[in-house]
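The primary structure of each chain is shown beneath.
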Amino acid sequence: MNTDVDVAVVGGGIIGLGIAWEAIRRGHSVALIDPDPAGGATHAAAGMIAPASELHYREEHLLRLTVDSASRYPEFLFSLAWTGVDPGYRRTGTLVLALDGADRTALADLQTVQQRNSLSVQQIPLREARRSEPLIGPAATAAFHAPDDHQLDPRRLAQALIAAVSERGRLVRRRASGIERTGNRVTGVSLEDGTFVGARHTVVANGLAAADLAGLPCQLPLRPVYGDILRLRVPEALQPLLTHTIRGLVRGHAVYLVPREDGTVVLGATMREDGSSAVSAGGVYQLLRDAQQLIPAVAELELVEVLCRARPGTPDNAPLLGGVTGTHNLVIATGFFRHGVLLTPAAAALCVDLLEGKPGPAEQERYKPDRFEEGRAWRS
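Residues numbered from 1 in each chain as written. Predicted model: local features only at pLDDT ≥ 70, side-chain atom pairs only at ≥ 80, totals over all residues. Heavy atoms only, no water.

Asker: For this particular structure, what's the right way to read the side chain of arginine 338?
Answerer: Summarising the element assignment, arginine 338 is placed in the loop between strand E18 (330-334) and helix H8 (344-355). Judged by its relative accessible area of 18%, arginine 338 falls in the buried class. Within the local environment of arginine 338, its side chain forms a polar contact with the side chain of histidine 56, the two groups lying 3.2 Å apart. Excluding residues within four positions of it along the chain, arginine 338 makes contact with Glu54, His56, Glu59, Met271 and Arg311. (Helix = DSSP H or I, 4+ residues; strand = E, 2+ residues; numbered from the N terminus. Buried < 20%, exposed > 50% of the residue type's maximum accessible area, 1.4 Å probe, protein only. Polar contact = N/O pair within 3.5 Å; in protein donor to acceptor, adjacent residues only side chain to side chain. Contact = heavy atoms within 4.5 Å.)

Structure follows, in structure tokens:
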């Protein structure tokens, strides 16, 4: 199979799908290459569009990118409305709960950082939180409200993107083995079955698998960070269990519950780097235990799905995003760790801007894919 397109995108997770669609709607011909689109981390993602409550210490450098991406979501979703797939975008905000005094102090300290960075996060009385969410349990000791932190259903968003790329681009359900280069130019993507997709520009966005592609001009220092994710069905008598996304700190352990429009709740997420892709019994126990501390009615829900997926992490937990020094027409977009869904619109716009020869934002230098190889890793 010889395919000549403007842009070949390797990887059909939420990032690769978003880049492919952005390129298509700007008028480029696109081939997206993935044997199982949205079958990896995207399938397990909770879908929080939450730059405030996702902020972590020493990762403030990501904030401009996450806030920008969250602001792009309404228009990005509007561009997919013609597919007829509702991505379940909800603007109901996020409540963040603390269990004990140490958790309360940690969240108050984080609020100081959030407000210093102009994020809208306010501590509210627990009685006010319970008016919004009556099923908050008696063990909660403090509540913080992040009204601008929203959510969507990544599986539905991926469904819309797959439909859009299939209709207006080309979806190649095969595995990429490497990229081909002539000098400092990339000519396209070779597939495991021996065929080739020729392209004027190539984007590598296939998560952890990107590090194994042949022909890359630099090493990609990716590591798998595994997370256990549960889905629970809310019985009719308890619906709606929640209207807000609930995040919490329970004796130092982070937990979240994300309500879906289909009457289910996503519960996550553990983080471990033990090399095991199997569901952890301890992780499942921890999630259910901690969630019940905050929302005791969780014990009455039906457990319908248990998943483990690996997210691609980097040494500084920032994405590998941008062009590679000395190589033309190649863009890398991987290593998004916890922020794949959140950063999809901004990463898509940035990648296509680069392919079109437009300068990226100044902070994009911080995310250059070859920054570690050159010995100039950024420090937050």
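Asker: Help me understand the packing of helix H3 (residues 63-78) against H8 in this model?
Answerer: Each packed pair of helices is defined by two parameters, the angle between the axes and the distance between the axes. Following both chains from N to C, one finds H3 and H8 inclined at 90°, their axes separated by 6 Å at the closest point. Accordingly, the angle class assigned to the pair H3 and H8 is roughly perpendicular. Contact residues: H3 offers Leu65, Asp68, Ser69, Arg72, Tyr73 and Phe76, while H8 offers Thr344, Pro345, Ala346 and Ala349. (Axes fitted to C-alpha atoms, helices over the stretch in contact; angles between N-to-C directions. Parallel < 35°, antiparallel > 145°, perpendicular 65-115°, else oblique.)

Asker: I'm lost on the pattern of salt bridges in this one. Help?
Answerer: Proximity of charged atoms lets side chains of opposite charge pair with each other. Inspection of the entire model under this criterion finds 22 salt bridges. Across the pair glutamate 22 and arginine 25 runs a salt bridge whose closest N-O atoms are separated by 3.0 Å. Of the two residues, glutamate 22 and arginine 25 are both situated in helix H1 (residues 14-25); the distance of three residues between them amounts to about one turn of the helix. On the basis of relative accessibility, which here comes to 8%, the residue glutamate 22 falls in the buried class. Of the charged contacts in the structure, one is a salt bridge between arginine 156 and aspartate 153, with a shortest N-O distance of 3.9 Å. Owing to a relative accessible area of 24%, arginine 156 belongs among the partly exposed residues under this scheme. Through salt bridges with shared partners, a single network forms among Glu22, Arg25, Arg26, Glu75, Asp353, Glu356 and Lys358. (Salt bridge = Lys/Arg side-chain N within 4 Å of Asp/Glu carboxyl O.)

Asker: Sorry, what's going on with helix H6 (residues 154-168) here?
Answerer: Spacing of three or four residues puts side chains on the same side of an α-helix, whose turn is 3.6 residues. With 15 residues, H6 extends 21 Å from end C-alpha to end C-alpha; this agrees with the ideal 21 Å at 1.5 Å per step. Of the residues making up H6, those classed as buried are Pro154, Leu157, Ala158, Ala160, Leu161, Ile162, Ala164 and Val165. Elements that come into contact with the buried residues of H6 comprise H1, strand E2 (30-33), helix H2 (41-44), H3 and strand E8 (170-172). Capping of H6 at its N-terminal end is provided by aspartate 153; its side-chain oxygen lies 3.0 Å from the backbone amide nitrogen of arginine 155. (Expected span 1.5 Å × (residues − 1).)

Asker: Looking at this structure, how should I read a nonpolar patch on the surface?
Answerer: Among the surface-exposed residues, Val279, Leu303 and Val306 lie close enough to one another that they form a single nonpolar patch of about 210 Å² accessible area. When you line up the elements, valine 306 lands in strand E16 (residues 302-313). Relative accessible area serves as the criterion here: at 32%, valine 306 is assigned to the partly exposed category. (Patch = residues over 30% accessible without salt bridge, like charges linked within 9 Å, V, L, I, M, F, W, Y side chains within 5 Å. Areas by Shrake-Rupley, 256 points an atom, 1.4 Å probe, with all protein chains shown as cover.)

Asker: I tried to follow the nonpolar core on my own but got confused; where do I start?
Answerer: Nonpolar side chains tend toward joint burial in soluble globular proteins. With 49 residues, the main nonpolar core has Ile19, Leu157 and Leu321 as its most contacted residues. The set of elements that each furnish at least two residues to this core consists of strand E1 (2-10), H1, E2, H3, H6, E18 and H8. For this core, the leading source of residues is H1, giving eight residues. Residues within four places of leucine 157 in sequence aside, it is in contact with Ile14, Tyr73, Phe76, Leu77, Leu80, Pro87 and Leu152. Membership of the second largest hydrophobic core comes to 29 residues, among which are Leu95, Leu242, Ile246 and Leu287. (Core = buried A, V, L, I, M, F, W, Y, C linked by side-chain atoms within 4.5 Å.)

Asker: What am I meant to see in the packing of aromatic side chains here?
Answerer: Describing an aromatic ring pair means giving the distance of the ring centres and the angle of the ring planes. Taken as a whole and judged by the stated rule, the model has two aromatic pairs. Ring geometry for tyrosine 73 against phenylalanine 76: centres 6.1 Å apart, planes inclined by 85°, an arrangement best described as edge-to-face. Highlighted residues: tyrosine 73 and phenylalanine 76, both in helix H3, separated by three residues, approximately one helical turn. Residue tyrosine 73 is classed as buried on the basis of its relative accessible area of 0%. Lying across the ring of phenylalanine 337, arginine 223 places its NZ or CZ 5.7 Å from the centre. (Phe/Tyr/Trp six-rings, centres within 6.5 Å; stacked < 30°, edge-to-face > 60°. Lys NZ or Arg CZ within 6 Å of the ring centre and 35° of its normal.)

Asker: Sorry, what's going on with the sheet that holds strand E5 (residues 122-124) here?
Answerer: To summarise the sheet geometry, strands pair through backbone hydrogen bonds and adopt either a parallel or an antiparallel arrangement. Taken in spatial order, the eight strands of this open sheet run E5-E6-E4-E13-E14-E15-E12-E16, and their pairing is mixed. Taken across any chain shown, the strands that pair with only one partner, and hence form the sheet edges, are E5 and E16. Neighbouring strand axes in the sheet, compared pairwise and without regard to direction, differ in orientation by 25° on average. Judged from the three bridges that link them, E5 and strand E6 (residues 142-146) form a sheet pairing that is antiparallel. Pairing of isoleucine 124 across the sheet is with alanine 143, part of E6. In the packing of helix H7 (residues 281-294) onto the sheet, the strands contacted are strand E4 (94-98), strand E12 (223-233), strand E13 (245-250), strand E14 (253-259), strand E15 (264-268) and E16, and the crossing angle to E14 comes to about 75°. (Pairing = 2+ DSSP bridges.)

Asker: Even after reading the chapter, I still don't get H1, so can you show me in this structure?
Answerer: In this model H1 runs 16 Å from its N-terminal to its C-terminal C-alpha over 12 residues, within 8% of the 16 Å that 1.5 Å per residue would give. Buried residues dominate H1, accounting for 11 of its 12 residues. Residues Ile14, Ile15, Gly16, Leu17, Gly18, Ile19, Ala20, Trp21, Glu22, Ala23 and Ile24 constitute the buried set of H1. A positive phi of about 100° marks glycine 27, the residue just after H1.

Asker: What exactly am I supposed to notice about the pairing of E13 here?
Answerer: Within a regular beta strand, the side chains point alternately toward one face of the sheet and then the other, so they alternate between its two faces. Counting buried positions over the six residues of E13 gives six, a clear majority of the element. Where burial is concerned, the two faces of E13 agree: the one with Thr245, Arg247 and Leu249 and the one with Ile246, Gly248 and Val250 are both buried. Pairing of E4 with E13 involves five bridges; the strand directions are parallel. The residue bridging alanine 98 from the neighbouring strand is leucine 249, located in E13.

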